[in-house]
Amino acid sequence: QVQLVESGGGLVQAGASLRLSCAASGRTFSSDAMGWFRQAPGKEREFVATISGSGSLTYYTDSVKGRFTISRDNAKNTVYLQMTSLKPEDTAVYYCAATRSLFRKIYPQEYDLWGQGTQVTVSS
């Protein structure tokens, strides 16, 4: 079964850090670009970051630049999102997604496979 499973979410105070993980299984994902998205209550799912299959290219939405870092370990079939200086507005369910399209896809409909999400809550 091909699937993505996120972990690492939690409740933290503003200014804290968290690292999310996305474990892929069922096939090799080293050729897939991977992305992180988030969805806050009552809002649309929004793009956070993406990384190319090799890991050499990354792209972030403006609101997280300098605070979040996306990375991957293809030997472990795992993608990470290191989040620092967290703010209450970062509170959302975070989803990881995979696409076989070319790099720098930022719209949810461009991704083929999704995880179930992990909750991140940042208190002020």
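The structure under discussion appears in the preceding block.
Parameters and conventions
- Residues numbered from 1 in each chain as written.
- Predicted model: local features only at pLDDT ≥ 70, side-chain atom pairs only at ≥ 80, totals over all residues.
- Heavy atoms only, no water.
- Buried < 20%, exposed > 50% of the residue type's maximum accessible area, 1.4 Å probe, protein only.
- Helix = DSSP H or I, 4+ residues; strand = E, 2+ residues; numbered from the N terminus.
- Pairing = 2+ DSSP bridges.
- Core = buried A, V, L, I, M, F, W, Y, C linked by side-chain atoms within 4.5 Å.
- Contact = heavy atoms within 4.5 Å.
- Salt bridge = Lys/Arg side-chain N within 4 Å of Asp/Glu carboxyl O.

Peer 1: Lay out the pairing of strand 5 (residues 46–51) in plain terms, naming residues and giving numbers.
Peer 2: Counting buried positions along strand 5 yields five of six residues, so the element is predominantly enclosed. The turn joining strand 4 (residues 33–39) and strand 5, which pair antiparallel and follow one another in sequence, is formed by six residues; a positive phi near 75 degrees is taken by Gly42. Two strands pair when backbone bridges link them, and strand 5 and strand 6 (residues 58–60) are joined in this way by three bridges, in the antiparallel orientation. Looking across to strand 6, one finds that Thr50 is bridged to Tyr59. Adjacent in sequence and paired antiparallel, strand 5 and strand 6 are bridged by six residues, among which Gly55 carries a positive phi angle near 90 degrees.

Peer 1: Residues and numbers for the nonpolar core, please.
Peer 2: Judged by nonpolar contacts, the single largest core of 28 residues is most densely connected at Leu4, Met34, Trp36, Leu81, Met83 and Tyr94. Looking at this core, the elements that each hand over two or more residues are strand 3 (18–25), strand 4, strand 5, strand 7 (68–73), strand 8 (78–83), strand 9 (92–99) and strand 11 (118–123). If we ignore the near neighbours within four places in the chain, the residues touching Leu81 are Leu18, Arg19, Leu20, Trp36, Val48, Ala49, Phe68, Thr69, Ile70 and Tyr94.

Peer 1: Can you tell me about the pattern of salt bridges, naming the residues and giving the values?
Peer 2: For the structure shown, the criterion picks out six salt bridges. For the salt bridge of Arg38 with Asp90, the shortest nitrogen-to-oxygen distance reads 2.9 Å. Here Arg38, found in strand 4, pairs with Asp90, found in the loop between strand 8 and strand 9; they are 52 residues apart in sequence, far enough to count as distant. For Asp90, a relative accessible area of 1% translates into the label buried. In this structure, the salt-bridge partner of Arg67 is Asp90, at a minimum N-O distance of 2.8 Å. Residue Arg67 is located in the loop between strand 6 and strand 7, and its partner Asp90 is located in the loop between strand 8 and strand 9; the two are separated by 23 residues in the primary sequence.

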